Amino acid sequence: GENVEQHPSTLSVQEGDSAVIKCTYSDSASNYFPWYKQELGKGPQLIIDIRSNVGEKKDQRIAVTLNKTAKHFSLHITETQPEDSAVYFCAASMNSNYQLIWGAGTKLIIKP
Amino acid sequence: EAGVAQSPRYKIIEKRQSVAFWCNPISGHATLYWYQQILGQGPKLLIQFQNNGVVDDSQLPKDRFSAERLKGVDSTLKIQPAKLEDSAVYLCASSPRRREYKEKLFFGSGTQLSVL
């Protein structure tokens, strides 16, 4: 079955710098790749997603890139702010069942 | 639009006791999920409902866990008897009916369960 690996597990960046989180997936049939942000005491919240027919997608300070050949996708956050501190999860799914396979998460720490 | 509602927020029980969690999804969302999230890990799917039918419960420990979704709206997840390793956050999520949005999950804040 599908497996999603995510790294790093913890990322500490200076406020204003960029942060990049990377994920790899194993099943080439996966075609949907969302990113979720989870703040302390809350459930995950979808922040951006990409489908396999697109190579890159941007939404203000966040962007996601997808390399289907290498089977990896990345989350990019520019001009980081204190409120970006959270745990970020990547996931992958296939149209056949719409079920998400989750990465283990990255704790992003924004240093003032 | 109201979000996914879950209760209680916290629950502390002793092992071998029973516990139940409740979830009310976003109005009109056909698919409902229960996830278990152990500290420091990603969510693990326990069960997926489409309306009031079960789509997937392959990872639900059926000897102790049960779930139902009556009338295709609210859902309850029960654990009986609880074990120490059941300590986790139990998340409920729902997703819209439209095919192009089915994978977009909306989560509740979860129930944090501590089994002593």
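Preceding this paragraph is the structure being described.
Cut-offs and rules
- Within each chain, residue numbers correspond to sequence positions counted from 1 in written order.
- Chains carry letters from A onward and ligands carry numbers from 1 onward, assigned in written order.
- It should be noted that, the model being predicted, local features are given only for residues of pLDDT at least 70 and side-chain atom pairs only at 80 or more, the latter also being counted only at that level, while totals for whole chains, interfaces and linings use all residues.
- Hydrogens and water are ignored here; the side-chain numbers use all heavy atoms of the structure.
- Secondary structure is summarised from DSSP: a helix means a run of H or I of at least four residues, a strand means a run of E of at least two, and numbering begins at the N terminus for each.
- Whether a residue is buried, partly exposed or exposed follows from its accessible area with a 1.4 Å probe, protein chains only, as a fraction of its type maximum: under 20%, in between, or over 50%, in that order.
- The pairing criterion for strands is at least two bridges between them, as found by DSSP.
- Geometry is summarised by axes, namely lines fitted to C-alpha atoms with helices restricted to the contacting stretch, and by angles between N-to-C directions that run from 0 to 180 degrees.

Got a sec to walk through unusual backbone geometry? Specific residues and values, please.
Residues and elements named next belong to chain B. Look at the link from Ser7 to Pro8: it is a cis peptide, with omega at -5°. The residue after Gln80, namely Pro81, is reached through a cis peptide bond having omega -5°. Its place among the elements puts Pro81 in the loop between strand E8 (75-79) and strand E9 (88-95). In this structure, Arg16 is a non-glycine residue whose phi angle is positive, near 80°. Secondary-structure assignment places Arg16 in the loop between strand E2 (10-13) and strand E3 (19-24). With a phi angle near 55°, Asn51 is a residue other than glycine that sits in the positive phi range. Within the secondary structure, Asn51 sits in the loop between strand E5 (44-50) and strand E6 (53-56). You can call Asn51 partly exposed: its relative accessible area is 31%.

Could you give an account of the pairing of strand E4 (residues 31-37) of chain B, with specific residues and numbers?
Residue and element names in this part refer to chain B. Counting buried residues in E4 gives seven out of seven residues, a clear majority hidden from the surface. Here E4 runs beside E5; their pairing, made up of six bridges, is antiparallel. Bridge pairing in E5 links Leu32 to Phe49. Between E4 and E5, which pair antiparallel one after the other, the connecting turn spans six residues, and Gly40 there sits at a positive phi close to 85°. Where E4 and E9 come together, seven bridges link them in antiparallel fashion. In the sheet register, Gln37 faces E9, and the bridge partner there is Val89.

Just give me the short version of the sheet that holds strand E7 (residues 62-67) of chain A, but keep the residues and values in it.
Residue and element names in this part refer to chain A. Ordered by their spatial adjacency, five strands build an open sheet running E1-E3-E8-E7-E6, and the pairing between neighbours is antiparallel. Sheet topology places strand E1 (4-7) and strand E6 (56-59) at the edges, where each strand pairs with a single neighbour. Put simply, the sheet's adjacent strands are angled 15° from each other on average, direction ignored. The pairing of strand E3 (residues 19-25) with strand E8 (residues 72-77) spans six bridges and is antiparallel. The residue bridging Cys23 from the neighbouring strand is Phe73, located in E8.

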